[in-house]
Amino acid sequence: QKAPPPDAHLGEAARLFQSDPQRALTELEQAREPGSGPAELLRGLAYEGLQDYQRAEQSLEKAGAQLSDPAVRLALVRVRVMLGKLEDARRGIDEVSGAVPSDLGAVLLEALLANDEPRARASLKRLDAWGTSTSPDTGVRSVPAADQARPRGDEGEVARVADAAGLCECEGRLVDPLL
């Protein structure tokens, strides 16, 4: 039995979702299987690009129910951060961070969501591992974060990492002042 030809509309949506998310959504409406996992993923990414985070979350949840790709979970974490659903985002990053150790975006999201010392230490460990990786997928990097965050004098590791990342302490939590 012959495999069906690729869906041209799905391919076009994949090409467009970053540069023209509105056109990508139009292509997805015409896709052979508009409710398929790949179509829902692309729809979610297009809505994310349009900053329609509610719809992005809905589409990414549908995609996640059909696809086991960590990229779906990672996109859902990003969207939940933008929606202010930080506890949901933390649960999501806990599930996905080990699956994508060479993805700097995942490592940085994990750092952003670190709201206590154990999370900050785990995040710092992953960032250090990313920084010392020999994998060609990890890209260019400078001095490993753990070397920069060693306590000096009275300063603690978490406070130094927070300062380096531009985070501030608010009600006992490290937060990004821009969010």
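Note that the structure is a prediction, hence the values are computed from the model and not measured. (Residues numbered from 1 in each chain as written. Predicted model: local features only at pLDDT ≥ 70, side-chain atom pairs only at ≥ 80, totals over all residues. Heavy atoms only, no water.)

This paragraph deals with the overall build of the protein chain. Within the protein chain, the regular secondary structure consists of 10 helices and two strands. The buried share of the protein chain, reckoned over its 179 residues, is 37%. Once local pairs closer than 6 in sequence are excluded, the contacts in the protein chain between residues at least 24 apart make up 39%. Total accessible area computed for the protein chain in this model is approximately 10600 Å², and 51% of it derives from carbon and sulfur atoms. (Helix = DSSP H or I, 4+ residues; strand = E, 2+ residues; numbered from the N terminus. Buried < 20%, exposed > 50% of the residue type's maximum accessible area, 1.4 Å probe, protein only. Contact = heavy atoms within 4.5 Å. Areas by Shrake-Rupley, 256 points an atom, 1.4 Å probe, with all protein chains shown as cover.)

Quick look at the environment of Arg-73 now. With respect to the secondary-structure elements, Arg-73 resides in helix H5 (residues 70-82). Not counting chain neighbours up to four residues away, the residues in contact with Arg-73 comprise Gly-92, Glu-95 and Val-96. At a separation of 2.5 Å, a polar atom in the side chain of Arg-73 contacts the side chain of Glu-95. (Polar contact = N/O pair within 3.5 Å; in protein donor to acceptor, adjacent residues only side chain to side chain.)

With 14 residues, helix H4 (residues 53-66) ought to run about 20 Å at 1.5 Å a step, and its terminal C-alpha atoms sit 20 Å apart, in line with that. For H4, the set of buried residues is Tyr-53, Ala-56, Glu-57, Ser-59, Leu-60 and Ala-63. (Expected span 1.5 Å × (residues − 1).)

What follows is about the packing of H5 against helix H7 (residues 104-112). In the contact formed by H5 and H7, the axes pass within 11 Å of each other and the chain directions differ by 35°. Here H5 and H7 pass one another in a crossing that is left-handed. Across from Leu-74, Val-77, Arg-78 and Val-81 in H5, the residues of H7 making contact are Ala-106, Leu-109 and Leu-112. The residue makeup of the contact of H5 with H7, split by class, is six nonpolar, no polar and one charged. (Axes fitted to C-alpha atoms, helices over the stretch in contact; angles between N-to-C directions. Left-handed = near helix turned anticlockwise from the far one by under 90°. Nonpolar A, V, L, I, M, F, W, Y, C, P; charged D, E, K, R; others polar.)

Turning our eyes to something else, we now look at the pattern of salt bridges. For the coordinates displayed, the defined rule picks out 15 salt bridges. Two residues, Arg-55 and Asp-52, come together in a salt bridge whose shortest N-O distance is 3.7 Å. Linked by salt bridges that have partners in common, Glu-12, Arg-15, Asp-20 and Arg-23 make up one network. (Salt bridge = Lys/Arg side-chain N within 4 Å of Asp/Glu carboxyl O.)

What follows concerns the environment of Gly-64. Mapping Gly-64 onto the fold places it in helix H4. Note: C-alpha distance between Gly-64 and Ala-75 (11 residues apart in sequence) is 10.0 Å.

This next bit is on the nonpolar core. Formed by 20 residues in total, the largest nonpolar core has its most connected members in Phe-17, Ala-24, Leu-28, Leu-41 and Leu-60. Secondary structure elements with two or more residues in this core: helix H1 (8-16), helix H2 (21-29), helix H3 (37-49), H4 and H5. Here this core gets six residues from one element, more than from any other, and that element is H3. Ranked by size, the runner-up nonpolar core spans 10 residues in total, among them Leu-74, Ile-93, Val-96 and Ala-106. (Core = buried A, V, L, I, M, F, W, Y, C linked by side-chain atoms within 4.5 Å.)

Relative to each other, H7 and helix H8 (residues 117-132) sit at 155°, their axes nearing to 9 Å. Classified by the interaxial angle, the pair formed by H7 and H8 is roughly antiparallel. Helix-helix and strand crossings are classified by hand; for H7 and H8 the assignment is left-handed. Of H8, the residues touching H7 (which contributes Leu-104, Val-107, Glu-110 and Ala-111) are Ala-122, Ser-123, Arg-126, Leu-127 and Trp-130. The class makeup of the residues in the contact of H7 with H8 is six nonpolar, one polar and two charged. (Parallel < 35°, antiparallel > 145°, perpendicular 65-115°, else oblique.)

Attention now goes to unusual backbone geometry. One non-glycine residue with positive phi stands out, namely Gln-51, at about 60°. If you trace the backbone, Gln-51 turns up in the loop between H3 and H4.

This part covers the side chain of Glu-40. With respect to the element layout, Glu-40 can be found in helix H3. Taking relative accessible area as the criterion, Glu-40 reaches 7% and is therefore assigned buried. A polar contact is formed between the side chain of Glu-40 and the side chain of Arg-43, at a distance of 3.2 Å. When residues no more than four places from it in sequence are discounted, the contact partners of Glu-40 are Pro-34, Gly-35, Ser-59, Leu-60, Lys-62, Ala-63 and Gln-66.

No statement about biological role is implied by the geometric values presented.
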